[in-house]
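Structural overview for review
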Amino acid sequence: MNDAGGAMPDTAPLISTEVVGSCPVCSGSERARIAAGQDYEYESCRNEWTMWQCRRCSHAWLDPRPADRELGVIYPRHYYSYDFEKKINPIAVKGKAWLDRRKLAGLAAQLRHPPQGYLDVGCGTGRFLRMAEKFDLPRSRIAGIELSEPAIAALRADGFSAECATVEASQLVRTGRFDLITMFHVIEHVADPREVVARLAQALEEGGILAIETPNLESLDARLFRARWWGGYHFPRHWHIFTLASLTQLLRQAGLEVETVRYQPGHSFWLFSLHHALKYGRCRNRRAAGLVHPLRSLPALILATGFDILRSWLGFHTSAMMVVARRRPAQPG
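Definitions and cut-offs
Residues numbered from 1 in each chain as written. Predicted model: local features only at pLDDT ≥ 70, side-chain atom pairs only at ≥ 80, totals over all residues. Heavy atoms only, no water. Helix = DSSP H or I, 4+ residues; strand = E, 2+ residues; numbered from the N terminus. Expected span 1.5 Å × (residues − 1). Buried < 20%, exposed > 50% of the residue type's maximum accessible area, 1.4 Å probe, protein only. Arc of directions from axis to C-beta. Core = buried A, V, L, I, M, F, W, Y, C linked by side-chain atoms within 4.5 Å. Contact = heavy atoms within 4.5 Å. 1 Å grid on protein atoms, 1.4 Å probe; cavity = no way out; pocket = protein on both sides within 12 Å on 5 of 7 lines; lining within 4 Å. Points joined across faces, edges and corners; volume = space filled by probe spheres on them. Nonpolar A, V, L, I, M, F, W, Y, C, P; charged D, E, K, R; others polar. Pairing = 2+ DSSP bridges. Phe/Tyr/Trp six-rings, centres within 6.5 Å; stacked < 30°, edge-to-face > 60°. Lys NZ or Arg CZ within 6 Å of the ring centre and 35° of its normal. Axes fitted to C-alpha atoms, helices over the stretch in contact; angles between N-to-C directions. Parallel < 35°, antiparallel > 145°, perpendicular 65-115°, else oblique. Left-handed = near helix turned anticlockwise from the far one by under 90°.

Quick look at helix H12 (residues 298-313)
An ideal rise of 1.5 Å per residue puts 22 Å on 16 residues; H12 measures up with 22 Å between its terminal C-alpha atoms. Within H12, burial applies to Leu 298, Ala 300, Leu 301, Ala 304, Thr 305, Asp 308 and Arg 311. Along the long axis of H12, the arc covered by the buried residues comes to 160°, so they all point the same way. Exposed and facing more than 90 degrees away from the buried side of H12 are Pro 299, Leu 303 and Trp 313.

Have a look at this one:
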């Protein structure tokens with residue numbers, strides 16, 4: 001085995017794919033191949049995947065990508081986001097909750113008034129929905145959409161407005177009005193980011209804000225592990241990888257104005273990059289790979305988180321960028 005791939009076991013299936021073609025952000029046709037890799041996290045399939053970058057707007061996308069009928073394969077039942085609280089150390093769970101509370105409070109402060117309606121896209125088990133109750137919002141004005149039917153059923157039973165749907169098919173997005181919408185590490189998974197952002201922009205009240213957090217292709221770890229091992233690729237589940245320029249262009253196309261850019265800890269991307277290189281690279285060392293797995297090693301997670309927090313404080317760009325954009329108020333007359 002070498003760095004060219006072939007890492008997956010022969011028992012892993014070869015799944016069907018679909019061609020994407022031109023750039024999903026600017027429709028540009030000129031592109032460059034920047035990376036190739038396999039599903040190093042779940043070994044769900046043995047396909048070799050290719051990431052391309054647009055020469056015009058700098059956006060990167062997977063092409064070909066898994067066919068829609070293969071989503072159940074690439075998102076297995078044990079996928080980490082379905083019950084991540086059970087998969088990582090309780091100390092790490094508390095640390096993440098502290099970071100998330102600070103993040104949501106900072107967004108509310110940027111809104112300049114307590115939110116009157118909140119939507120979390122890809123709400124999971126409702127962590128951010130429960131945090132939003134501190135804004136004195138009734139649960140009927142706190143909404144979430146997610147593709148896990150059990151998670152949505154539990155949130156509905158607790159009185160939240162919750163829907164099992166994509167953004168494109170969501171009735172909450174179509175009819176609701178929100179002054180705060182968050183989308184944390186979701187846009188990289190969607191088929192058509194232009195349509196998703198356009199629909200969310202329409203669901204915003206005038207002056208409302210949309211916060212998108214997503215992997216940053218221009219980060220240090222992305223550059224170091226660019227050709228194959230970078231954890232931010234999350235092959236084959238991340239269909240889009242943005243630069244600040246391409247995400248800004250996407251938001252402006254939807255009539256939103258970027259106000260702030262913040263860089264969050266990208267600890268899992270650092271650790272998965274090291275894990276993939278150690279487990280599947282030329283000098284394979286599965287024991288060493290296990291020591292840096294972000295869901296299994298608390299010391300490695302603490303070190304990587306502290307490293308990125310320090311880098312962010314010093315003004316460096318980490319691998320998790322959060323771009324906050326506002327819907328412009330309508331012009332009089």
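Let's talk about the nonpolar core
In terms of nonpolar packing, the biggest core is built from 36 residues, with Leu 119, Val 121, Ile 181, Met 183, Leu 200, Leu 210 and Leu 251 touching the most fellow members. Ranked by residue count, the leading element in this core is helix H7 (residues 193-203), at 5 residues. When sequence neighbours within four positions are dropped, the list of residues in contact with Met 183 reads Asp 120, Val 121, Val 190, Val 196, Leu 200, Ala 211, Ile 212 and Glu 213. With 28 residues, the next largest nonpolar core counts Tyr 40, Cys 45, Trp 229 and Tyr 233 among its residues.

Side note on empty space enclosed by the protein
In total, this model carries 1 cavity of 30 Å³ or more according to the counting rule given. Put simply, the largest cavity is a space of about 60 Å³. Residues of the lining of the largest cavity, tallied by class, amount to 4 nonpolar, 4 polar and 3 charged.

Here we look at the pairing of strand E3 (residues 49-54)
With 6 of 6 residues buried, E3 lies mostly within the body of the structure. Pairing geometry for strand E2 (residues 31-37) and E3, over 6 bridges, is antiparallel. Bridge assignment links Ala 32 to a residue of E3, and that residue is Gln 53.

Quick look at the packing of aromatic side chains
Any two aromatic rings considered together are summarised by their centre-to-centre distance and by the angle between their planes. On inspection of all chains with the given rule, the structure shows 7 aromatic pairs. Ring centres of Phe 128 and Phe 184 lie 4.7 Å apart, and the angle between their planes is 50°; this geometry places the pair in the tilted category. Of this pair, Phe 128 sits in helix H4 (residues 127-132) while Phe 184 is found in strand E9 (residues 178-184), placing the two residues 56 residues apart along the sequence. Classification of Phe 184 as buried rests on a relative accessible area of 10%. Pairing Trp 230 with Tyr 233 gives two aromatic rings, centres 5.2 Å apart and planes at 85°, and the pair type is edge-to-face. In textbook terms, an aromatic cluster arises when at least three aromatic residues are bridged by ring pairs, as seen for Trp 230, Tyr 233, Phe 235 and Phe 269. Directly above the aromatic system of Phe 184 lies the positively charged group of Lys 103, at a separation of 4.3 Å from the ring centroid. Lying across the ring of Trp 229, Arg 228 places its NZ or CZ 5.9 Å from the centre.

Some points on the packing of H7 against helix H9 (residues 244-253)
H9 packs onto H7 with a crossing angle of 50° between their chain directions and a minimal axis gap of 9 Å. When the axes of H7 and H9 are compared, the pair comes out oblique. Regarding H7 and H9, the two cross each other, and that crossing is right-handed. When H7 is examined against H9, the residues Pro 193, Arg 194 and Val 197 are found in contact with a partner set consisting of Leu 250, Leu 251 and Gln 253.

All we've got here are geometric facts, nothing functional implied.
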